[in-house]
Amino acid sequence: MSHRILLLGAPGAGKGTQSKKLAAEYGIEHVTTGDALRANKDMETEYGTPRSFMDAGELVPDPVVNEIVNAALKEADGFVLDGYPRNLSQAEYLSEITDLDAVIFLDVSEEELVGRLTGRRMDPETGEIYHVEFNWPEDEEIQERLVQREDDKEDTVRERLRVYRENTEPVIEHFRERGDLIEVDGEAAPDTVFERLTDVIEG
Ligand code: AP5
C-alpha cells in the first residue's frame, strides 16, 4: 500500500521526531517545509529571505512554500508531510496537487509544547533532534556540538504558537469537519506515540 501521510500538530508536538521514524519504518520520504526552508534560509526571493520570517516566528509567504512542496511531492513515491499546510490557502493548494491516505493530528497541550521547544537541541551534523531533559545524548562529542534553533527562544516560541492558533488551527478544523482527521494523543514517550501512529496507519 502506498503511504501518503499528513502529520499535523502545533510547533513542538513531535512532528519532526515522529516523521523521521515513520519515513524509516515505511521507506517513504520525509517532506518537511521547516527543514527545506532552514537549508535555504538566505535564498533571495521576491518576498525577502526565508530567514526574515522564520527568526521572527512568522510564516514564510505561500508561493515560496507551495513551490517547495510541489517539487518534493512530485519526486516522492510515498511520503510523510510535516509542517505543511499551515493555513487554509496552503491546504487548498495541497488538495490540488495530491491525494492523502491519512491525515493525523498529534495532540499536545500548550504547557508541554513550550517546555519541549525551549529545551530542544539539534545536531548540526546529523540533523538528529535532542532535548535537554527528555532525550540527552550520552556521547560528550555530540553534546558539545548541539545547537539551539534561533526560533526556539521563549519569546519566539510564544509568537509561533500564536501564529499556529491563528492560521493553522483552522486547517485542523477543516480536516475535522470533512471527517478525515485522525487524532492521536502526542503526550507520551516518543516510542509510545510512534506505536499509536503505526496502529492508526495500519489499522
Ligand atoms: P518547522 O520547522 O515546521 O517548525 P514547527 O512546525 O514549528 O515544528 P517544530 O519543528 O518546531 O516541532 P516538531 O513538532 O517537529 O517537534 P520535534 O519533533 O522537534 O517551521 C519553522 C519555521 O519555518 C516556521 O515558524 C515558519 O517560519 C517556517 N515554515 C515552515 N513551514 C512553513 C509553511 N508551510 N508555511 C509558511 N512558513 C513555514 O519535538 C520538539 C522537542 O520535543 C524535541 O526536543 C524533542 O526531542 C522533544 N520531544 C518530541 N517528542 C517528545 C515526546 N513524546 N516526549 C517528550 N519530548 C519529546
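Preceding block: the structure.
Rules of the game
- Residues numbered from 1 in each chain as written.
- Predicted model: local features only at pLDDT ≥ 70, side-chain atom pairs only at ≥ 80, totals over all residues.
- Heavy atoms only, no water.
- Helix = DSSP H or I, 4+ residues; strand = E, 2+ residues; numbered from the N terminus.
- Rg over C-alpha atoms; globule rule 2.2 N^0.38 Å.
- Buried < 20%, exposed > 50% of the residue type's maximum accessible area, 1.4 Å probe, protein only.
- Contact = heavy atoms within 4.5 Å.
- Lys, Arg positive; Asp, Glu negative; His and termini not counted.
- Charge placed at Lys NZ, Arg CZ, Asp CG, Glu CD.
- Near = heavy atom within 4 Å.
- Polar contact = N/O pair within 3.5 Å; in protein donor to acceptor, adjacent residues only side chain to side chain.
- Areas by Shrake-Rupley, 256 points an atom, 1.4 Å probe, with all protein chains shown as cover.
- Nonpolar A, V, L, I, M, F, W, Y, C, P; charged D, E, K, R; others polar.
- Core = buried A, V, L, I, M, F, W, Y, C linked by side-chain atoms within 4.5 Å.
- Phe/Tyr/Trp six-rings, centres within 6.5 Å; stacked < 30°, edge-to-face > 60°.
- Lys NZ or Arg CZ within 6 Å of the ring centre and 35° of its normal.
- 1 Å grid on protein atoms, 1.4 Å probe; cavity = no way out; pocket = protein on both sides within 12 Å on 5 of 7 lines; lining within 4 Å.
- Points joined across faces, edges and corners; volume = space filled by probe spheres on them.
- Axes fitted to C-alpha atoms, helices over the stretch in contact; angles between N-to-C directions.
- Parallel < 35°, antiparallel > 145°, perpendicular 65-115°, else oblique.
- Left-handed = near helix turned anticlockwise from the far one by under 90°.
- Patch = residues over 30% accessible without salt bridge, like charges linked within 9 Å, V, L, I, M, F, W, Y side chains within 5 Å.
- Salt bridge = Lys/Arg side-chain N within 4 Å of Asp/Glu carboxyl O.

**Student:** How do you make sense of the overall build of the protein chain when you look at a structure like this?
**Tutor:** Broken down by element type, the protein chain carries 9 helices and 7 strands. What you see for the protein chain is a C-alpha radius of gyration of 16 Å, in line with the 17 Å of a compact globule of 203 residues. For the C-alpha atoms alone, the extent of the protein chain along its principal axes is close to 45 × 45 × 30 Å. When the 203 residues of the protein chain are sorted by exposure, 48% land in the buried category. Within the protein chain, residue pairs in contact and separated by at least 24 positions form 66% of the contacts whose partners lie at least 6 positions apart. With 22 positive and 48 negative side-chain charges, the protein chain shows a spacing of 3 Å between the two charge centroids.

**Student:** Teacher, can you tell me more about the site of the ligand here?
**Tutor:** Around the ligand, the structure places 34 residues, and the nearest of them are Thr17, Glu58, Arg120, Arg160 and Ala188. Between the ligand and the protein, one listed contact pairs an oxygen atom with a side-chain N or O atom of Arg160 at 2.6 Å. Pro190 is positioned with one of its backbone polar atoms (N or O) 3.4 Å from a nitrogen atom of the ligand. Isolated, the ligand exposes 1000 Å² of accessible area, and the fraction of that covered by the protein chains is 96%. Taken together, the residues of the shell around the ligand break down into 16 nonpolar, 9 polar and 9 charged.

**Student:** Explain the nonpolar core to me, please; I cannot follow it from the model alone.
**Tutor:** Generally speaking, nonpolar side chains in soluble globular proteins are found buried as a group. In terms of nonpolar packing, the biggest core is built from 47 residues, with Leu8, Leu22, Leu81, Ile104 and Leu197 touching the most fellow members. Looking at this core element by element, the count peaks at 6 residues for helix α8 (residues 154-177). Each residue touching Leu197, except ones within four places of it in the same chain, is listed here: Leu7, Gln18, Leu22, Ile104, Leu106 and Val184.

**Student:** Help me understand the packing of aromatic side chains, please; the structure alone is not making it clear to me.
**Tutor:** The full count for this structure, using the stated rule, is 0 aromatic pairs. Above the ring of Phe194, the side-chain terminus of Lys21 is found at 5.3 Å from the ring centroid.

**Student:** Help me understand the layout of surface pockets in this model?
**Tutor:** In this approach, a probe sized like a water molecule rolls over the atoms, and the result shows the empty space that is left. Within this model, the second largest pocket holds a volume of roughly 180 Å³. Taken together, Ala91, Leu94, Ser95, Thr98, Asp99, Leu100, Asp101, Ala102, Val103, Phe175, Arg178 and Asp180 make up the lining of the second largest pocket. At 3 residues, helix α5 (residues 88-97) tops the list of elements feeding residues into the lining of the second largest pocket.

**Student:** So what exactly am I meant to see when it comes to the packing of helix α1 (residues 15-26) against helix α9 (residues 190-202) here?
**Tutor:** Any two packed helices are characterised by how steeply their axes cross, that is the angle between the axes, and by the distance between the axes. In the contact formed by α1 and α9, the axes pass within 10 Å of each other and the chain directions differ by 50°. Taken together, the axes of α1 and α9 are oblique relative to one another. Relative to α9, α1 is oriented so that their crossing is right-handed. Between α1 and α9, the residues in contact are Thr17, Gln18, Lys21, Leu22, Glu25 and Tyr26 and Pro190, Asp191, Val193, Phe194, Leu197, Thr198, Ile201 and Glu202, respectively. Of the residues contributing to the contact of α1 with α9, the split by class is 7 nonpolar, 3 polar and 4 charged.

**Student:** Which parts of the structure should I look at to understand a negative patch on the surface?
**Tutor:** Together, Glu138, Asp139, Glu140, Glu141 and Glu144 line one region of the surface with negative charge. Within the secondary structure layout, Glu141 lies in helix α7 (residues 140-145). Since its relative accessible area comes to 59%, Glu141 is described here as exposed.

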